[in-house]
Amino acid sequence: MSELPVGLDIPDNPDLSSAGPVPVVAVVGRPNVGKSTLVNRIIGRRQAVVEDVPGVTRDRVPYDAQWNGRRFTVVDTGGWEPDARDRAAAIAAQAEIAVQTADVVVFVVDVTVGATDVDEAAVKMLRRSHKPVILVANKADNQNLEMEAVSLWSLGLGEPHPISALHGRSSGDLLDDILAALPEPPLIVEDGPRGPRRVALVGRPNVGKSSLLNKLSKEERAVVDSAAGTTVDPVDSLVEMDGEIWQFVDTAGLRKRVNQASGTEYYASLRTAGAVEAAEVAVVLLDAGEVISEQDQRVLTQVVEAGRALVIAFNKWDLVDADRRFYLDKEIDRELKRIPWAVRVNISAKTGRAVDKLAPAIRKALASWEQRIPTGALNQWLTALTQATPHPVRGGRAPRILFATQAGVAPPRFVLFTTGPLDAGYLRFIERKLREEFGFEGSPIELSVKPRK
Ligand code: GDP
Ligand code: GDP
């Protein structure tokens, strides 16, 4: 992955839920009521550097935030004013878009001023959106001002939350209430301390799967049947590679060499599907001495469609001479062009050549599979990209991408919030550029589009 600006990264926190979409909270209100101050308070100022980056609009900037182990995205909006003109109108329009794409809206009012006509107009806009709204009475720096907040019941948005964004007064309570208003998180099964990484060794018959497994079990230290603290399915094998124990799933068939006997391709593909499903990463063996066949392609497709990390091992490299090498390179360009991101290694299960390259290749693929791009960095990059190369015009208009978040990992999933559906070609362009910028070598990535309703 390329270098990210310092200060944009969130520290890894194993307690954070990694599955499911990251909910979006939009902060709206008149200019100067303290929205930015509140957003900075919520994100702990960790990522506020985004504002200084040229090319990024200050108007609608998303940030990663977390509270009590939950991640969410906060969208800071410029001041909302009805009947605004020119730039102010554009900012107001952005705020409305932010409201439409949000799961929860935080509406900020300045308690030292009270509800103004502009606030009342904003409330009408919020009502139309049918989004849950949390009313914040900001600048309640002391108890007297806190009492003033009562007057904001008149806005008809429920209980006002008096806080002081500047001093942090009651901001924890506010975050609790924001979290409570977010959509239910998907149930995350905490799997405690992680066991060995699960690897599927797959490929069509005769590519050398059982030879490789035997080689790995022999060269590296013997396979342990019950490593301390791990429970391993009897059909799996534990193999030590490069100082780490790996769980090769569903290898019983390989060891007994029944795979050739039990014949039909249908059963072979069922077996592959089962192993891939049980694994985090698949090592797909191809026979470097033979042309890449349709059956090879089907195995690769199974891995990609299951969303697993992918390492392609060209086995039998001992049989590859200069001639074959030349044709193989051409074949790779042609046959593997839909998965240029796969990690590739050239090995020989027979001689042991480069078998020690497998573990680093698998590690790299898994790291990509679990990579998370901070929302700030993602959107800085995306803004620059879409400004340089906007979506082509369709029927007189070009759909715009408003912002993006990474909804999950394993594999990485991204959601693009847009003003309309995107062309498949443009989506592919974005994926290609995303990989150029952030890597993801060895992992499929998913992009989905959420057009604004
Ligand atoms: P925005 O335009 O809504 O984003 O407002 P800002 O966050 O830029 O804040 C506008 C002004 O209000 C700044 O001078 C802040 O320091 C001030 N401010 C923000 N929150 C508070 C607060 O809780 N108490 C007080 N006294 N001032 C605040
Ligand atoms: P599987 O069906 O994928 O498990 O493949 P096997 O491990 O049974 O191997 C099929 C054949 O390929 C056997 O005759 C192996 O000896 C041979 N083989 C496996 N790996 C290599 C290799 O790296 N080089 C060469 N030359 N032959 C290999």
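Reading guide: rules and limits
- Residues numbered from 1 in each chain as written.
- Chains lettered and ligands numbered in written order.
- Predicted model: local features only at pLDDT ≥ 70, side-chain atom pairs only at ≥ 80, totals over all residues.
- Helix = DSSP H or I, 4+ residues; strand = E, 2+ residues; numbered from the N terminus.
- Buried ≥ 20, exposed ≤ 12 C-beta atoms within 10 Å, placed from the backbone.
- pLDDT = per-residue confidence, 0-100.
- Contact = placed C-beta atoms within 7 Å.
- Pairing = 2+ DSSP bridges.
- Axes fitted to C-alpha atoms, helices over the stretch in contact; angles between N-to-C directions.
- Core = buried A, V, L, I, M, F, W, Y, C linked by C-beta atoms within 7 Å.
- Right-handed = clockwise from strand over helix to strand, strands pointing away.
- Near = placed C-beta within 6 Å.
- Nonpolar A, V, L, I, M, F, W, Y, C, P; charged D, E, K, R; others polar.

Draft legend 1. Inspection of the overall build of the chain at higher detail. Across its full length, the chain holds 13 helices and 15 strands. Taking all 453 residues of the chain together, the buried fraction comes to 40%.

Draft legend 2. Inspection of helix 1 (residues 35-43) at higher detail. A large share of helix 1 lies buried, amounting to seven of its nine residues. Restricting attention to buried positions, one finds in helix 1 the residues Lys35, Ser36, Leu38, Val39, Asn40, Arg41 and Ile42. The first or second residue beyond helix 1 is glycine 44, which carries a positive phi of 65°.

Draft legend 3. The arrangement of the confidence of the model for the chain in detail. Mean pLDDT for the chain: 83, with 81% of residues reaching 70 or above. In the model, residues 257-261 has pLDDT below 50 throughout and makes seven contacts with residues more than four positions away in sequence or in other chains. Both scores are available for the predicted complex, with the pTM at 0.63 and the ipTM at 0.61.

Draft legend 4. Highlighting the sheet that holds strand 15 (residues 446-451). The strand order across the open sheet formed by three strands is 13-14-15, and the pairing between neighbours is mixed. On the outer flanks of this sheet lie strand 13 (401-408) and strand 15, each paired with one strand and no other. Taken pair by pair, the neighbouring strands of this sheet meet at an average axis angle of 25°, ignoring direction. Alignment of strand 13 against strand 14 (residues 413-418), held across six bridges, turns out to be antiparallel. Bridge pairing in strand 14 links glutamine 406 to phenylalanine 414.

Draft legend 5. Main features of the nonpolar core. Membership of the largest hydrophobic core comes to 111 residues, with the highest contact counts inside it found for Val25, Phe107, Val136, Val284 and Val311. For this core, the element with the highest residue contribution is helix 11 (residues 358-369), accounting for seven residues. Every residue in contact with phenylalanine 107, bar those within four places of it in the chain, is listed here: Val28, Gly29, Ala122, Leu126, Val133, Leu135, Val136 and Leu157.

Draft legend 6. Fine view of the pairing of strand 12 (residues 343-346). As paired elements, strand 11 (residues 309-315) and strand 12 share four bridges and run parallel to each other. Along strand 12, the bridge assignment pairs valine 311 with valine 343. Handedness of the crossover joining strand 11 and strand 12 through helix 10 (residues 322-335): right-handed.

Draft legend 7. Main features of unusual backbone geometry. In the segment running from alanine 410 into proline 411, the intervening peptide bond is cis, with an omega of 0°. With respect to the helices and strands, the residue proline 411 is situated in the loop between strand 13 and strand 14. Located in the positive-phi region is lysine 316, a residue other than glycine, with phi close to 65°. On the secondary structure map, lysine 316 appears in the loop between strand 11 and helix 10. Unlike most non-glycine residues, phenylalanine 440 shows phi in positive territory, near 65°. Structurally, phenylalanine 440 is set in the loop between helix 13 (424-438) and strand 15. Since 23 C-beta atoms lie within 10 Å of it, phenylalanine 440 is described here as buried.

Draft legend 8. Geometry of the site of ligand 1. Around ligand 1 there are 15 residues in total, and Gly34, Lys35, Ser36, Thr37 and Leu166 lie nearest to it. Tallying contributions element by element places helix 1 first for the shell around ligand 1, with three residues. Residues that form the shell around ligand 1 fall into these classes: four nonpolar, eight polar and three charged.

Draft legend 9. Here's a closer look at the sheet that holds strand 9 (residues 244-248). Taken in spatial order, the six strands line up as 8-9-7-10-11-12 in an open sheet, and their pairing is mixed. A strand with exactly one partner marks an edge of an open sheet, and here the two such strands are strand 8 (237-241) and strand 12. Taking each pair of neighbouring strands and ignoring which way they run, the sheet shows an average axis angle of 30°. Relative to strand 10 (residues 281-287), strand 7 (residues 197-202) runs parallel, the two sharing four bridges. Counterpart to valine 199 in the pairing with strand 10 is valine 281. Most of the contacts of helix 11 go to strand 11, to which it runs at about 155°, and overall it touches strand 7, strand 8, strand 9, strand 10, strand 11 and strand 12.

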